[in-house]
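Chains, contacts and geometry: an overview
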Amino acid sequence: MNGARGLRVESVSRSFASSLALDDVSLHIAPGEVHALVGENGAGKSTLIRIACGMIDPDAGSVSIDDVLLRPGDGTDANARSVGVVHQHFMLVEPLTVADNVVLGTEPRRGLLGLVVDRVRAAREVKSLSERYDLRVDPHATIESLGVGEKQRVELLKVLYRGARYVLLDEPTAVLSPSEIAPLLETVRELARNGAGVLLVSHKLDEVLSVADRIMVLKKGRVVLRCSRNEADREAIARAVVGGEPEQQPPRTSVVPSRKPVLRLENVVAAGLNAVSLELHRGEVLGIAGVEGNGQRALARAIAGLDTIAAGSVALDGRNLRDLNVTARRSMGLGYVPEDRSMGGLMPGLSIAENLALGDPQLASGNSRLRLRRLREQARSVAARFEINPRDPDLRVGALSGGNAQKVLVARELSRTLRVLVIAQPTRGVDLGASVHIHRALLEARANGVGIVLIGSDLAELRSLSDRIAVMHRGRIVATFPAQDATDEQLGPLMLEGATPKEHATR
Amino acid sequence: MSRYPRARVALLAVLASAIVVNSVIALAGAQPADIVGRMLSGTLGNPYGLGQWLARATPLMLTGASVALALRAGLFNVGAEGQVTAGVLAAAVAGAALPAATPAWLAVPAAALAAAAAGALLGGLCGWLRGRFGAHEVVSTLMTNGLMAVLATWLYGGVLRDGAQVSTRPILGAARVPTLDRIAPLFRGSSLNATVLLALAIPFVVDRWLLRTSAGLRVRAVGDSHESARAVGISVSATYTKTMAIAGALAGLAATHFVLGVKGAAEDGLGAGVGFAGLAVAVIAQGRALGLVAAALLMALLAQGGLVVGAVVPADVLVVVQAVVLVAAAAVAVRWHAPRSVNP
């Protein structure tokens, strides 16, 4: 350690369960500096923040604050308190006022033995603090009456009130409207001018380039790029964020494009979707790439019939699905695997056999006797085909590992006659073995003529499975490529900014 | 979990409740052994007591099954109380309105069906409100409880009043459910009637329906994850409405015991309390049919035993004793059925 002031994270590693979240990562934030941290979801950004403020301990490596080592388990000591964090999800007491929230835990006192909270002084102090940093918010307003931007300002005030010298902001602009972003970035600069060290996590390159003195890119828990503001290269950063290792393409039959698409979306408008059009042919895999939260979920739900669409049309085999409910769509051969298998996918308290049986749209209405023996037999054969372990059809799905549960979900959809499958994040949180099975099952379905819309954030996976790749940004499809042309260089800027570098320059 | 295996929890529960029950009774100035002995001999020790015990358990099995069914769909039916009241009203009105020539084979089902329908209407309304508008069923069912209580008091004091009587006009004789002393003269004098056979069967019928039919599977699917159920095409709101209607019908059927079996008429307060007791029965039963029967019998034992010793021990002490035993039973039941993980 060289004795310089600053928040220093030295070669920390940290794993959760069996996956490595951070691998030998170092970070140095100097006072008066804005340091940006960029990376995909799951790259390890939040873990790094939590380690830097002492919330969790690293498996290896160390954290020091102004040359004082943060000892493991020290999350609440005075040393750690000089690091303030604004989390993505606000931690505020809704019925209390702004001033109450800001001073909570460190209230100014008055009266005998300091038994009375001096709320007048609290409000005054909060007001002067908010004026100094131009964080406009009424100290007497209750939190529940505030908008998202104002709540965020309260979180910042909390951090400042506690005298934090290092401020860590976890994707602060993700929740803000465009008009609120500029003032926030100005506050970030003001903090740095006043001598604070700021860490700004963001997906948005414009913001990063406009405020950060230094930039660091994390990918799968490793630092893949570091640069200072003057040497920052927009394309290089985008490439580093999305780039993956070159992968081998499994051999495939090529699609014979049919004249009529099996699925066609025309100018679909819905919450989160902005005039999306696409065509999917029999035996084709259309990959949907994009930074999460750019309308992929809305797209899947609109096709599945879970969300109503405001305008446009969704047609399966030429038939408009507008007035068809989920059951009718499933009966026509539509399958759906959501991104989160426990929310909208499986029923963890029911058995494997029951979960598989519920894939049959005929069970969704009317009443009939369940042929339990047959359901168990079917479950056994499906479990054998998809290698679901253990193979007991009466076992609760909730007792299965993540990979086996995902196999149950994929098997449920693929074990009936499908025309189109919409599948999101097919191998998220799934071990390697199960991933291989799921990929094989998808390619098999494709070979049988099923059209597949594959929504994913793993570009390597998308490229290896897809025939074409479309990029979504802010609720629209901004480009579509043949999969082999979809390089990281092409996709990166589109995913992050919705435009290719060339378009960006002319815009 | 492994630190508290089933047997140890059961043992701890029995010991703890024995200690508390003993000390509470002793503090009240009575002999614990004497009191417990009287409670048991007064219920299990003679045919009349046995009959009264089973009679008390009858409506509890029905309201317990009602709450337990709603729980399978993820709904908390706090409204069994009001649904019983509605059933009692409907059974009394229908039973009295039947033409004098109606044969028993028609009169009994008609009156019972009226009771079930009234409960179903009330419960189904709350289920529909939940599915259609997201109005929470705990709030709406509680409100229907209040509504039914006031409505019943008003009706019994007014239009339904039979002259100078405190009760309604007696129902048709043919609509009466036979008391069991016809079959077993042993129970002579007790309130035990044929409704107990229905009440004993219903938890098992409901269980079978849940496990063996597609409608039952949908109820369990919605209760497990309504998001996932919706994604496979199940109508969550329709499932809520139907489940609450059936739950309401089961609670309403308790009127068969009270009106068609015991009283032959309705009066204010008839059946009061069995709806709320059904909540405890369902919690102790932990979703098992046999558990519903056992829990109802336990609750009834405590209530009937309390009556037996009521002259010797203050009522407050009995309430404490009942509460302690129920809490212990609930603790054992919850631990007994805790899911054992397969691969940790």
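Quick caveat, the model's predicted, so the values are computed rather than measured.

Cut-off values and rules
- Residues numbered from 1 in each chain as written.
- Chains lettered and ligands numbered in written order.
- Predicted model: local features only at pLDDT ≥ 70, side-chain atom pairs only at ≥ 80, totals over all residues.
- Helix = DSSP H or I, 4+ residues; strand = E, 2+ residues; numbered from the N terminus.
- Rg over C-alpha atoms; globule rule 2.2 N^0.38 Å.
- Buried ≥ 20, exposed ≤ 12 C-beta atoms within 10 Å, placed from the backbone.
- Contact = placed C-beta atoms within 7 Å.
- Expected span 1.5 Å × (residues − 1).
- Domains from an automatic or database assignment.
- Nonpolar A, V, L, I, M, F, W, Y, C, P; charged D, E, K, R; others polar.
- Pairing = 2+ DSSP bridges.
- Axes fitted to C-alpha atoms, helices over the stretch in contact; angles between N-to-C directions.
- Parallel < 35°, antiparallel > 145°, perpendicular 65-115°, else oblique.
- Left-handed = near helix turned anticlockwise from the far one by under 90°.
- Core = buried A, V, L, I, M, F, W, Y, C linked by C-beta atoms within 7 Å.
- pLDDT = per-residue confidence, 0-100.

1. Observations regarding the overall build of chain A
For chain A, the count of helices and strands is 17 helices and 22 strands. By the compact-globule yardstick of 23 Å for 507 residues, chain A fits well, its C-alpha radius of gyration being 26 Å. Dimensions of chain A, computed from the C-alpha atoms along their principal axes, are close to 75 × 55 × 45 Å. Each of the 507 residues in chain A was classed as buried or not, and the buried ones make up 46%.

2. Topic: the overall build of chain B
In terms of helices and strands, chain B carries 14 helices and zero strands. Relative to a compact globule of 344 residues, whose C-alpha radius of gyration would be 20 Å, chain B shows 21 Å and is just as compact. C-alpha extents for chain B along the principal axes are approximately 60 × 55 × 35 Å. The 344 residues of chain B split such that 54% are buried. The long-range fraction of contacts in chain B, counting pairs at least 24 apart against all pairs at least 6 apart in sequence, stands at 79%.

3. Let's talk about helix α12 (residues 274-285) of chain B
It helps to recall that an α-helix has 3.6 residues per turn; residues three or four apart then point in one direction. All names here are of chain B. Its 12 residues give α12 an end-to-end C-alpha distance of 16 Å, which sits within 8% of 16 Å, the value for a rise of 1.5 Å per residue. With respect to burial, α12 is a largely interior element, 11 of its 12 residues being buried. Against the buried residues of α12 lie α3 (47-72), α4 (80-97), α10 (236-252), α11 (254-263), α13 (289-309) and α14 (315-336). Of the residues flanking the end of α12, it is Gln-286, one or two places downstream, whose phi is positive at about 55 degrees.

4. Concerning the domain arrangement of chain A
All names here are of chain A. When the domains of chain A are assigned, the result is domain 1 (7-242) and domain 2 (263-346 + 416-506). Taking the mean C-alpha position of each, domain 1 and domain 2 sit 34 Å from one another. Each partner contributes to the interface: domain 1 provides nine residues, whereas domain 2 provides 13 residues. The leading source of residues in the side of domain 1 that touches domain 2 is helix α8 (residues 234-242), at five residues. Taken together, the residues that form the side of domain 1 that touches domain 2 break down as four nonpolar, two polar and three charged.

5. Section: the sheet that holds strand β20 (residues 451-455) of chain A
All names here are of chain A. Spatially, the six strands line up as an open sheet ordered β18-β19-β20-β15-β21-β22, and their pairing is mixed. Edge strands, defined here as strands with exactly one partner in the open sheet, are β18 (334-337) and β22 (476-482). Pairs of neighbouring strands in the sheet enclose a mean axial angle of 15 degrees, with direction left out of account. Where β18 meets strand β19 (residues 420-424), four bridges bridge the pair, whose relative direction is parallel. Note on β19: the bridge partner recorded for Gly-335 is Leu-421. On top of the sheet, helix α13 (residues 402-414) reaches β18 and β19; it is set at about 170 degrees to β18, its chief contact. Packed on one face of the sheet, helix α16 (residues 488-497) meets β15 (285-289), β21 (468-473) and β22 and runs near 25 degrees to β21.

6. Some thoughts on the interface of chain A and chain B
The interface of chain A with chain B comprises 32 residues on the first partner and 21 residues on the second. For the side of chain A that touches chain B, the element with the most residues is helix α10 (residues 326-331) of chain A, which contributes three residues. In terms of residue class, the side of chain A that touches chain B is built from 18 nonpolar, 10 polar and four charged.

7. Here's the deal with the sheet that holds strand β14 (residues 273-280) of chain A
Residue and element names in this part refer to chain A. Taken together, four strands build an open sheet; the order of strands is β14-β13-β16-β17 and the sheet is antiparallel. Each edge of the sheet is formed by a strand with only one pairing partner; in this case those strands are β14 and β17 (319-320). This element, helix α9 (residues 296-304), spans β13 (263-270), β14 and β16 (311-316) of the sheet and lies at about 65 degrees to β14.

8. What about the packing of α4 of chain B against α10 of chain B?
Residues and elements named next belong to chain B. Packing of α4 against α10 leaves a shortest axis separation of 7 Å and a crossing angle of 60 degrees. One finds that α4 runs oblique with respect to α10. The element α4 and its partner α10 pack so that their crossing is right-handed. Of the residues in α10, those touching α4 at Ala-80, Gln-83, Val-84, Ala-86 and Gly-87 are Gly-248, Ala-251 and Gly-252. Broken down by class, the residue content of the contact of α4 with α10 amounts to four nonpolar, four polar and no charged.

9. A closer look at unusual backbone geometry
All names here are of chain A. Of note, Asp-24 is a non-glycine position whose phi angle comes to about 55 degrees, a positive value. Here Asp-24 lies in strand β2 (residues 19-29). In this structure Asp-24 comes out as partly exposed when scored by C-beta crowding, with 14 C-beta atoms within 10 Å. Of note, Glu-171 is a non-glycine position whose phi angle comes to about 45 degrees, a positive value. Inspection of the secondary structure assignment puts Glu-171 in the loop between β9 (166-169) and α6 (178-193). Note on Glu-171: 20 C-beta atoms within 10 Å, which makes it buried.

10. Let's talk about the nonpolar core
With 265 residues, the main nonpolar core has Ala-52 of chain A together with Ala-91, Ala-111 and Val-281 of chain B as its most contacted residues. Structurally, this core is a two-domain feature, drawing no fewer than three residues from each of domain 1 (7-242) and domain 2 (263-346 + 416-506) of chain A. When neighbours within four sequence positions are excluded, Ala-111 of chain B is seen to be in contact with Ala-91, Ala-94, Gly-95, Ile-171, Ala-175 and Leu-260 of chain B.

11. What to know about the confidence of the model for chain B
Residue and element names in this part refer to chain B. Overall, the prediction assigns chain B a mean pLDDT of 90, with 96% of residues at 70 or greater. Low confidence marks residues 339-344, where pLDDT is under 50. Its contacts with residues over four positions away, or in another chain, come to six contacts. For this predicted complex, the interface confidence reaches an ipTM of 0.87, while the overall pTM sits at 0.72.

12. Some words on the confidence of the model for chain A
Residues and elements named next belong to chain A. Per-residue pLDDT for chain A averages 85, and the proportion of residues at 70 or more is 90%. Here residues 245-249 is a poorly scored stretch, pLDDT under 50, and it has five contacts once near neighbours within four places are set aside; other chains count. This model gives residues 503-507 a pLDDT under 50, and the stretch forms four contacts once residues within four places in sequence are excluded.

13. Remarks on the packing of α3 of chain B against α12 of chain B
Residue and element names in this part refer to chain B. It is at 7 Å that the axes of α3 and α12 come closest, and there the two elements cross at 60 degrees. In the packing of α3 onto α12, the handedness of the crossing is right-handed. For the pair α3 and α12, the contacting residues are Pro-59, Leu-60, Thr-63, Gly-64, Ser-66, Val-67, Ala-68 and Leu-71 in the first and Val-274, Gly-275, Ala-277, Gly-278, Leu-279, Val-281, Ala-282 and Ala-285 in the second.

14. Concerning the environment of Ala-232 of chain A
Its place among the elements puts Ala-232 of chain A in the loop between β12 (222-228) and α8. When near neighbours in sequence (up to four residues on either side) are disregarded, Ala-232 of chain A contacts Leu-209, Ile-215, Cys-227 and Ile-237 of chain A.

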